[in-house]
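# Examining the three-dimensional arrangement
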Amino acid sequence: MGRLTLLFVSALVLALVTVACAGEGANRVLPTSTDAEPPNERIDPFNPLIDAERSELSICVTGEGGYVSDTSDIARVETALNDGLAKHDGLPTEYESRSVTEGCPPTRVPIGVATSGPGAYGRPVDTPSKHFMFVYLLPEATYHATFPIGERYSLGSAEHVCSGDTCERATFGLYLPSNADPSDIERALLEALRLVPGTPLINVELTPGFEEDGGIYYPPTPAP
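In what follows, the accompanying structure is described. What you see is a predicted model; the values in this text were computed from it and never measured.

This part is about the pairing of strand 4 (residues 133-138). Among the 6 residues in strand 4, 6 count as buried, and that is most of the element. Neither face of strand 4 is left uncovered, since the one carrying Met 133, Val 135 and Leu 137 and the one carrying Phe 134, Tyr 136 and Leu 138 both have all their residues buried. Pairing between strand 1 (residues 57-63) and strand 4: 5 bridges, direction parallel. The partner of Cys 60 across the bridge, within strand 4, is Phe 134. Sheet topology note: the strand 4/strand 6 (residues 166-177) ladder contains 6 bridges and is parallel. Bridge pairing in strand 6 links Leu 138 to Pro 177.

We now examine the pairing of strand 6. In this sheet, strand 6 lies alongside strand 5 (residues 154-163) in antiparallel orientation, the contact comprising 9 bridges. Paired with Ser 157 across the bridge in strand 6 is Phe 172.

By definition, a disulfide links the sulfur atoms of two cysteine residues through a covalent bond. Overall, the coordinates contain 2 disulfides when judged by the stated rule. The residue that forms a disulfide with Cys 60 is Cys 104, at a sulfur-sulfur distance of 2.1 Å. Of note, the bridge from Cys 60 to Cys 104 carries an S-S torsion of about 125° and is right-handed in sense. In this pair, Cys 60 is assigned in strand 1 and Cys 104 in the loop between strand 2 (98-102) and strand 3 (123-124), connecting sequence segments 44 residues apart.

Mapped onto the secondary structure, Leu 174 falls in strand 6. Since its relative accessible area comes to 0%, Leu 174 is described here as buried. Between the C-alpha atoms of Leu 174 and Leu 189, which are 15 residues apart in sequence, the distance is 8.3 Å. Those residues within four positions of Leu 174 in sequence are excluded, and the remaining contacts are Met 133, Phe 134, Val 135, Tyr 136, Tyr 153, Ser 154, Leu 155, Ala 188 and Leu 189.

Structurally, the position occupied by Thr 146 is in helix 3 (residues 140-146). Using a relative accessible area of 0% as the deciding quantity, one classes Thr 146 as buried. Side-chain polar atoms of Thr 146 contact the backbone nitrogen of Gly 112, separated by 2.8 Å. With sequence-adjacent residues up to four places away left out, Thr 146 is seen in contact with Val 109, Pro 110, Ile 111, Gly 112, Val 113, Ala 114, Thr 115 and Leu 138.

Ranked by size, the top nonpolar core spans 32 residues in total, and within it Phe 132, Met 133, Val 135 and Leu 189 carry the most contacts. Put simply, the parts of the chain that give this core at least two residues each are strand 1, helix 2 (71-86), strand 4, strand 6 and helix 4 (182-192). Those residues in contact with Val 135, other than ones at most four positions away along the chain, are Ile 59, Cys 60, Val 61, Thr 62, Val 77, Cys 104, Leu 174 and Leu 176.

Of note in this structure, Ile 50 is not a glycine but carries a positive phi near 65°. Following the sequence through the fold, Ile 50 ends up in the loop between helix 1 (3-27) and strand 1. Look at Arg 194: it is not a glycine, yet its phi comes out positive at around 60°. Tracing the sequence through the fold places Arg 194 in the loop between helix 4 and strand 7 (211-213).

Here we take up helix 2. Count 3.6 residues to each turn of an α-helix, and residues three or four apart come out pointing the same way. For helix 2, with 16 residues, the first-to-last C-alpha span of 22 Å sits near the 22 Å given by 1.5 Å per residue. Every buried residue belonging to helix 2 is among Asp 73, Ile 74, Val 77, Ala 80, Leu 81, Gly 84 and Leu 85, and all of these are buried. Down the axis of helix 2, the smallest arc covering the buried residues is 130°, so these residues share one side. When the buried face of helix 2 is taken as reference, the exposed residues oriented beyond 90 degrees from it are Thr 71 and Ala 86. Structurally, helix 2 contributes buried residues whose contacts are with strand 1, strand 2, strand 4 and helix 4.

Conventions used here
Residues numbered from 1 in each chain as written. Predicted model: local features only at pLDDT ≥ 70, side-chain atom pairs only at ≥ 80, totals over all residues. Heavy atoms only, no water. Buried < 20%, exposed > 50% of the residue type's maximum accessible area, 1.4 Å probe, protein only. Helix = DSSP H or I, 4+ residues; strand = E, 2+ residues; numbered from the N terminus. Pairing = 2+ DSSP bridges. Disulfide = S-S within 2.5 Å. Contact = heavy atoms within 4.5 Å. Polar contact = N/O pair within 3.5 Å; in protein donor to acceptor, adjacent residues only side chain to side chain. Core = buried A, V, L, I, M, F, W, Y, C linked by side-chain atoms within 4.5 Å. Expected span 1.5 Å × (residues − 1). Arc of directions from axis to C-beta.

Read these as layout, nothing more, since geometry by itself doesn't imply function.
Here you go:
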């Protein structure tokens, strides 16, 4: 093979290799970096206000199931909150700025229908409410029909943020009979704020006919 021919073949091989590499590059997906944080990085259940975007201890109050809340209800919850916090030292600085206001998002709990608690009805959200807690006041009979397992109050998740199969509670939902004792309101608030341990069942008296299955109470199965 002559020198001229060898140079020609070498140039041809180099051109083919270059074209092949260029074709590979067109289909190659290069890794990219992003500064966007995963949805649940802003949620820390051990953080005083749970959602990192919250700047104050904000609580809303509203009536459900036919009960119409008013300014006296706001005052009752606000007094219970202030009285409860006054009994504790070394509180998180986030609790220094706090407010109790009228009006919460509608609950997803089926009011008037027997449930084992509000936790199963939490709303999945991308951006949690500015409120740390939604407080719902129900007529006494309606409260006991909805939560028949004998607790003086029912506390659970109202909003949660999920990433894949992992969900974290972002906002509490508190349900109370409209005539709740001030001490029950105070304890419920302090429980959510991790200042007292969870309250066991009090005066457990099931509505007649209810049966237990794994800690959840269901109406009896109708006879065939």
